[in-house]
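Chain by chain, the residues run as shown.
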Amino acid sequence: MSRSLHTDPYPIRAARRLDAPRGRRAAEPRVRRRRARRPGPEPETGLPIPYSPPRLPIRESPARPGFLHPATARDIARLLDFFGPELRYGLRAVELRHAVGADRPGPLLATLLVPGVVILHEQPRPPWTVPGRLLPRSRARLVRAGARVESAATLTRIDWPGTTLRDFVLFDGLLHEIGHHLVQHGTGKRTVRVRRTADHERCADEFAARCRRRWAVATASGAARNPTGTAAARG
């Protein structure tokens, strides 16, 4: 197996590059040890210049009347801090913006702007009322997220008790789009689609579901209460 830094597992590479995004690979301890075994001039032994990892900006545009941002900048920062460098590697920003695409059926949760910007859209204040009946897949998705869905002959009412709407935006919105980002970023192809749409969506759904399960376990044990402070929440 190659010992190149490029072949490090993604979580290890993500943590290393977030800690020193401007560091020279020649200054890596592993590289210095390897070069020290080679014949020839003495290798450089200077230590890398200390560098604080950049804080991921989280920018928020105030929601319009009748809308809200269910997940605040603080909620997002806490979630990203919990999951660590593997999620933040390659991300440039998270933005809370106004709703767009009013002609779309149903609310638009989130969008990924390649490369590395996740947009979370404002949502109508609950309860939501949509015409007709939801498709079984859409209904199951909402119920799984904790929504209360009541269907009548001509419309469907969707309510979100407690923090369920916030969690829906965080996991089915933010982490779903980060799942898309990781598929692209992990292959090194930042802007060229590397999988079919159905496969891309499946990978993003599975990634968000794994994160939700991990978060639920950590929340139950109290481990999710101590963020590391590496994401910057600001307006």
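Residues numbered from 1 in each chain as written. Predicted model: local features only at pLDDT ≥ 70, side-chain atom pairs only at ≥ 80, totals over all residues. Heavy atoms only, no water.

Right, let's get into the overall build of the protein. In terms of helices and strands, the protein carries seven helices and ten strands. In the protein, of all internal contacts separated by at least 6 residues, the share reaching a separation of at least 24 is 65%. Put simply, the protein shows about 14,200 Å² of open surface, and 54% of that area lies on carbon and sulfur atoms. (Helix = DSSP H or I, 4+ residues; strand = E, 2+ residues; numbered from the N terminus. Contact = heavy atoms within 4.5 Å. Areas by Shrake-Rupley, 256 points an atom, 1.4 Å probe, with all protein chains shown as cover.)

With that settled, the discussion passes to the sheet that holds strand E7 (residues 128–131). In space, the three strands of this open sheet follow the order E7-E9-E8, with antiparallel pairing throughout. In the strand order of this sheet, the two ends are held by E7 and strand E8 (148–151), each with one partner. In this sheet, neighbouring strand axes are inclined to one another by 20 degrees on average, regardless of whether the strands run parallel or antiparallel. Note: E7 against strand E9 (residues 155–159), four bridges, orientation antiparallel. (Pairing = 2+ DSSP bridges. Axes fitted to C-alpha atoms, helices over the stretch in contact; angles between N-to-C directions.)

Note that an α-helix has 3.6 residues per turn; residues three or four places apart therefore point the same way. A large share of helix H3 (residues 73–83) lies buried, amounting to nine of its eleven residues. All buried positions along H3 are accounted for by Ala73, Asp75, Ile76, Ala77, Leu79, Leu80, Asp81, Phe82 and Phe83. A positive phi of about 85 degrees marks glycine 84, the residue just after H3. (Buried < 20%, exposed > 50% of the residue type's maximum accessible area, 1.4 Å probe, protein only.)

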